[in-house]
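The primary structure of each chain is shown beneath.
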Amino acid sequence: MDFDVIKDALPFLIPILVIQLALLVFALVDLVKRKRVKGGNKILWGAIIILIDIIGPIIYLLFGREEDDAGSDTL
Amino acid sequence: MTGLGVLIKKEIREQLKTYRFLIMAGVFLFFGLSTPLLIKYLPELLELAGEDIIIELPPPTALQALQEYSDTILQVGILVVVLVTMGAVARERERGTAQMVLSKPVDRGAFVGAKLVGISLSFLVALGLASAASYIYTVMLLGEVDVGAFLALNLLLGLFFITAIAITLLFSSLFKNQLAAGGVALAFLVGQAVLTQIPWIGDYVPAALPGWGIGLLAGPHPAAWGAVAVSVVVIGVSLYLSRLKLSRTEI
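Residues numbered from 1 in each chain as written. Chains lettered and ligands numbered in written order. Predicted model: local features only at pLDDT ≥ 70, side-chain atom pairs only at ≥ 80, totals over all residues.

Next up on the list: the overall build of chain B. The number of helices and strands found in chain B is 10 helices and zero strands. Secondary structure elements of chain B, listed N to C terminal, follow the sequence α-α-α-α-α-α-α-α-α-α. On C-alpha atoms alone, chain B measures out to a radius of gyration of 20 Å, which is about the 18 Å that the 2.2 N^0.38 rule sets for 251 residues. With the principal axes as the frame, chain B shows a C-alpha extent of 70 × 40 × 30 Å. Sequence separation of at least 24 residues holds for 80% of the intrachain contacts in chain B that already meet a minimum separation of 6. (Helix = DSSP H or I, 4+ residues; strand = E, 2+ residues; numbered from the N terminus. Rg over C-alpha atoms; globule rule 2.2 N^0.38 Å. Contact = placed C-beta atoms within 7 Å.)

Written out as structure tokens, the structure reads:
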């Protein structure tokens, strides 16, 4: 793959990267703010969010969050 | 149905508050944007990975990109439907929030109906965003495709997913445990997809809808109006059975 191909694809790649990054940051901010998570291990959830591309943040948002005392915002 | 309007508003707020809409939109947009890009650059990627091995591929086409997108969104969509719907009733019963809502003068049919409307709305908006994004990327990268056929495909996909949401809601009402509800719903949805392979019966199951839509992209395709009618009936019957179950059960 020559440099021209990467240069051509880059403008199309940027929105995809923005979506990935937005999900990652959103999940990480939620993880930091949340008092309790499933399994109790925030570091493990952090690793899942960061290391498993796109699916990691989704897994956390679907299954990782535990209700806070003030109310619920889990699925 | 008493309280339907209020409950629909509550459900839509819930979709945003629990990030369900964000999850659906994020996942669908990711696949909507990445599929045409992957199809366009697949020959270069294979060349890069294969080194000396020569793999001859026909030039990628716009039709191929949208067919691939539809297949992907169908598989991912079914999983997302089950994951976000399986706890809709079961988990609320578990947590006690269903008791709180149903202790007010609210029809049980309205309770389930509002969930179907709320989840379907956020699902359809996410699907619409992803399909629009995928279409724009396909046109920019690979060329024109019949927009009318793509719209028809999306309408059929939408009806199929609403049917899948109604079926999952039914199992969520039948089971107290959301994982059991999700597992049985997924097995049921995969099972009826297998039925499409059986001649005659296959034209009448809801899973025939995406096949009809994907076929339309390539040109005229035999219609499956029977599957449209059966899907509408399945949605109605699922809502009725969910209401019946909730009416007969001590919440």
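So much for the structure itself; the text now carries on.
Moving on: the overall build of chain A. Helix and strand counts for chain A stand at three helices and zero strands. Put simply, 49% of the contacts in chain A that link residues at least 6 apart link residues at least 24 apart.

In this section: the environment of A133(B). Mapped onto the secondary structure, A133(B) falls in helix α6 (residues 108-142). Residues A133(B) and A187(B), spaced 54 residues apart in sequence, show a C-alpha to C-alpha distance of 31 Å.

Next up on the list: the packing of helix α3 (residues 62-85) of chain B against α6(B). Residue and element names in this part refer to chain B. Interaxial distance between α3 and α6 falls to 11 Å at its minimum, and their mutual angle equals 160°. On the basis of their axis angle, the class for α3 and α6 is roughly antiparallel. Considering the relative orientation of α3 and α6, their crossing is right-handed. Residue-level inspection shows A62, A65, L66, Y69, I73, V84 and T85 of α3 in contact with α6, the latter providing I119, A130, S134, T138 and L142. Broken down by class, the residue content of the contact of α3 with α6 amounts to nine nonpolar, three polar and no charged. (Axes fitted to C-alpha atoms, helices over the stretch in contact; angles between N-to-C directions. Parallel < 35°, antiparallel > 145°, perpendicular 65-115°, else oblique. Left-handed = near helix turned anticlockwise from the far one by under 90°. Nonpolar A, V, L, I, M, F, W, Y, C, P; charged D, E, K, R; others polar.)

Moving on, we come to the nonpolar core. Core analysis: the largest hydrophobic core is formed by 85 residues, its most contacted members being M24(B), F28(B), F161(B), I165(B) and L209(B). Among the elements that make up this core, the one with the highest residue count is helix α7 (residues 147-174) of chain B (16 residues). (Core = buried A, V, L, I, M, F, W, Y, C linked by C-beta atoms within 7 Å. Buried ≥ 20, exposed ≤ 12 C-beta atoms within 10 Å, placed from the backbone.)

Unlike most non-glycine residues, I54(A) shows phi in positive territory, near 60°. Note that I54(A) resides in the loop between α2 (42-51) and α3 (55-64). Backbone geometry places Y19(B), a non-glycine residue, at a positive phi of 65°. As for its position among the elements, Y19(B) is in the loop between α1 (4-17) and α2 (20-50).

At the interface, 21 residues of chain B touch 15 residues of chain A. Mapped by element, the contributors of at least two residues to the side of chain B that touches chain A are α2, α3 and α6 of chain B. Residue contributions to the side of chain B that touches chain A peak at 13 residues, all from α2(B). Of the residues contributing to the side of chain B that touches chain A, the split by class is 13 nonpolar, four polar and four charged.

The subject of this paragraph is the packing of α6(B) against α7(B). Residue and element names in this part refer to chain B. Their axes nearest at 9 Å, the elements α6 and α7 cross at an angle of 150°. Viewed along their axes, α6 and α7 form a crossing whose handedness is right-handed. Of the residues in α7, those in contact with V112, K115, L116, I119, S120, F123, L124, L127, S131 and Y135 of α6 are F150, N154, L157, G158, F161, I162, I165, A166, L169 and S173. Partitioned by chemical class, the residues of the contact of α6 with α7 number 14 nonpolar, five polar and one charged.

On to α1(B), then. Residues and elements named next belong to chain B. For α1, with 14 residues, the first-to-last C-alpha span of 20 Å sits near the 20 Å given by 1.5 Å per residue. Residues of α1 that are buried: L7, E11, E14 and Q15. Buried residues of α1 fall within an arc of 100° about the axis and therefore sit on the same side. Seen from the buried face of α1, the exposed residues on the opposite side, beyond 90 degrees, are G5, K9, R13, L16 and K17. Remark: Y19 follows α1 within two positions and exhibits a positive phi of approximately 65°. (Expected span 1.5 Å × (residues − 1). Arc of directions from axis to C-beta.)

Attention now moves to the environment of T85(B). Residues and elements named next belong to chain B. Relative to the helices and strands, T85 resides in helix α3. Linking T85 and A98, residues 13 residues apart in sequence, is a C-alpha distance of 15 Å. Apart from the residues lying within four places of it in its own chain, the contact partners of T85 are I119, I165, T168, L169 and S172.

Now for the confidence of the model for chain B. Residues and elements named next belong to chain B. Chain-level statistics for chain B give a pLDDT mean of 90 and a share of 98% at 70 or above. Mean pLDDT values for the elements of chain B range from 80 in helix α5 (residues 97-102) up to 96 in α7. Both confidence scores are given for the complex: pTM 0.90, ipTM 0.82. (pLDDT = per-residue confidence, 0-100.)

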